[in-house]
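Residue-level listing of the chains:
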Amino acid sequence: MSVKDQINLEKLPRHIAIIMDGNGRWAEEKGQDRLYGHFHGVESVRNIVEGCAELGIEYLTLYAFSTENWDRPLREVTGLMELLVETIRKEVPTLNKNNIRLHVIGDMSMLPDYAKKALEEALEMTSHNTGLNLVMALSYSSRWELVEAVKKIAVEVKEGRLDPAQISQDTLEKFLVTSELPDPELMIRTSGEYRISNFLLYQLAYAELYFTSTRWPDFRKEHLYEAIADFQKRERRFGKTSHQVQDDQPVNPSVTG
Ligand code: IPE
Ligand code: IPE
Ligand code: MG
C-alpha cells in the first residue's frame, strides 16, 4: 500500500503550514550558488501546492521569506525576492486553472514597489477562486505580527471603541494577519532544523510538529503524504487526558449514530 493510500481523507488537516528550509545547503552541497537552491525550491512549491490541492487541503501556508531574512547578503535577498515575485506572477494562470486562491501575509512595507504591485495583481486575479487557499508568508515574522496587532488594539482602546476588560483571545486573533484562517493543525519543517524561526508563534499553539531532514528542493508529494500519515497517527489531546479524548470519540460511529 502506498503512503498516499494510508491517508484517511476524512481526517485531513484543514491547514498545513510549512517552513521551506534547506535551499542554500542543498545548493552548496552540490558545489552551487545558494540561489540555485532557491530556484530548485520553486519546483517543490509547485509539487506540494498541487499535492495539497489534489488531496483537498483547504489552507496551505508556506514560509517563503522571514523578516530576519532581510539581513542576508544583498545579492541573495535581491535574487530571492525577484524569484519569488516572478514565480507568483508566472503561476497565476495555473492557480486559476486549479481554482487556487492566493493570499500573502507579512510586512509588505518592506517590499520593493515592483514586488508589491505584482503581488497585488496576483491577489486580485485569483480572488474569485474557491479551492485551496495558498498563503505565502513573505517578509513575515510572528513577533512583527504580534507587535502590529498590539498597536492596532491600543488605537481601538485609545479611541474608545474597545474596553480593555473585554479583550479576549478572539480580540487578539481578529488583529492578526491570519484572522481569516483556521490555525494550522500540522506544521512541517524541512532540512533537519528543529525550530520555529519566528513562524506563526500564536497560531501553532496546538499544531502537530513534523520535522524531516529532507532539504526543501528534494521535498515532494510523497514526503507530504508521509507527514500527513504521521499526523493522523497522533492523538491530539488539547490538555485533556488520553481517556477523555478517547471517550469523546464514538467507537463505532455507525452504531452510536
Ligand atoms: C530556505 O532555505 C529559504 C529561505 C529561508 C528563504 P535557506 O536559504 O534557509 O537554506 P539553508 O537553511 O541555508 O540551507
Ligand atoms: C526560516 O528559515 C525562514 C524561511 C524558511 C523562510 P531560516 O533558514 O531563515 O531560519 P533559521 O535562520 O535557520 O532559523
Ligand atoms: Mg535556512
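So, here's what we can say about the structure. (Residues numbered from 1 in each chain as written. Chains lettered and ligands numbered in written order. Predicted model: local features only at pLDDT ≥ 70, side-chain atom pairs only at ≥ 80, totals over all residues. Heavy atoms only, no water.)

On to the sheet that holds strand E4 (residues 133–140). Read across the sheet, six strands follow the order E3-E4-E2-E1-E5-E6 without closing on themselves; strand pairing throughout is parallel. Whereas interior strands pair on both sides, the edge strands pair on one side only; in this sheet they are strand E3 (101–105) and strand E6 (208–211). Sheet twist, expressed as the mean angle between neighbouring strand axes with direction ignored, is 20 degrees. Here E3 pairs with E4 via five bridges, running parallel. Bridge pairing in E4 places Ile105 opposite Ala137. Its contacts with the sheet put helix H3 (residues 34–55) on strand E1 (15–19), strand E2 (59–66) and E4, and the angle it makes with E2 is roughly 160 degrees. (Pairing = 2+ DSSP bridges. Helix = DSSP H or I, 4+ residues; strand = E, 2+ residues; numbered from the N terminus. Axes fitted to C-alpha atoms, helices over the stretch in contact; angles between N-to-C directions. Contact = heavy atoms within 4.5 Å.)

Between two aromatic rings, the relevant description is the distance of the centres plus the angle of the planes. Scanning all chains against the criterion turns up nine aromatic pairs. Relative to Trp144, the ring of Tyr140 lies with its centre 6.4 Å away and its plane at 80 degrees, an arrangement referred to as edge-to-face. As far as the burial class goes, Tyr140 and Trp144 line up, both buried. Residues Tyr206 and Phe238 carry aromatic rings whose centres are separated by 5.2 Å and whose planes lie at 50 degrees to one another, so their mutual orientation is tilted. Of the two residues, Tyr206 sits in the loop between strand E5 (186–189) and E6 while Phe238 sits in the loop between helix H8 (221–233) and helix H9 (242–248), which places them 32 residues apart along the sequence. Chaining the aromatic ring pairs together yields one cluster made of Tyr63, Tyr140, Trp144 and Phe199. Here the guanidinium or amino end of Lys30 rests over the ring plane of Trp26, the centre of that ring lying 4.4 Å away. (Phe/Tyr/Trp six-rings, centres within 6.5 Å; stacked < 30°, edge-to-face > 60°. Buried < 20%, exposed > 50% of the residue type's maximum accessible area, 1.4 Å probe, protein only. Lys NZ or Arg CZ within 6 Å of the ring centre and 35° of its normal.)

Turning our attention to the site of ligand 2. If you check the shell around ligand 2, you find Ile19, Met20, Asp21, Tyr63, Ala64, Phe65, Ser66, Asn69, Arg72, Arg189, Arg195 and Ser197 and nothing else. At 3.3 Å, a side-chain N or O of Arg189 approaches an oxygen atom of ligand 2. Within the complex, the protein chains bury 78% of what would otherwise be the 390 Å² of accessible surface of ligand 2. For the shell around ligand 2, the leading source of residues is E2, giving four residues. Residues of the shell around ligand 2, tallied by class, amount to five nonpolar, three polar and four charged. (Near = heavy atom within 4 Å. Polar contact = N/O pair within 3.5 Å; in protein donor to acceptor, adjacent residues only side chain to side chain. Areas by Shrake-Rupley, 256 points an atom, 1.4 Å probe, with all protein chains shown as cover. Nonpolar A, V, L, I, M, F, W, Y, C, P; charged D, E, K, R; others polar.)

Turning our eyes to something else, we now look at the packing of H3 against helix H4 (residues 74–97). Contact geometry for H3 and H4: axes closest at 10 Å, N-to-C directions at 25 degrees. Taken together, H3 and H4 sit at an angle that is classed as roughly parallel. As for how H3 packs across H4, the hand of that crossing is right-handed. Of the residues in H4, those touching H3 at Arg34, Leu35, His38, Phe39, Val42 and Arg46 are Arg75, Glu76, Gly79, Leu80, Leu83, Thr87 and Glu91. (Parallel < 35°, antiparallel > 145°, perpendicular 65-115°, else oblique. Left-handed = near helix turned anticlockwise from the far one by under 90°.)

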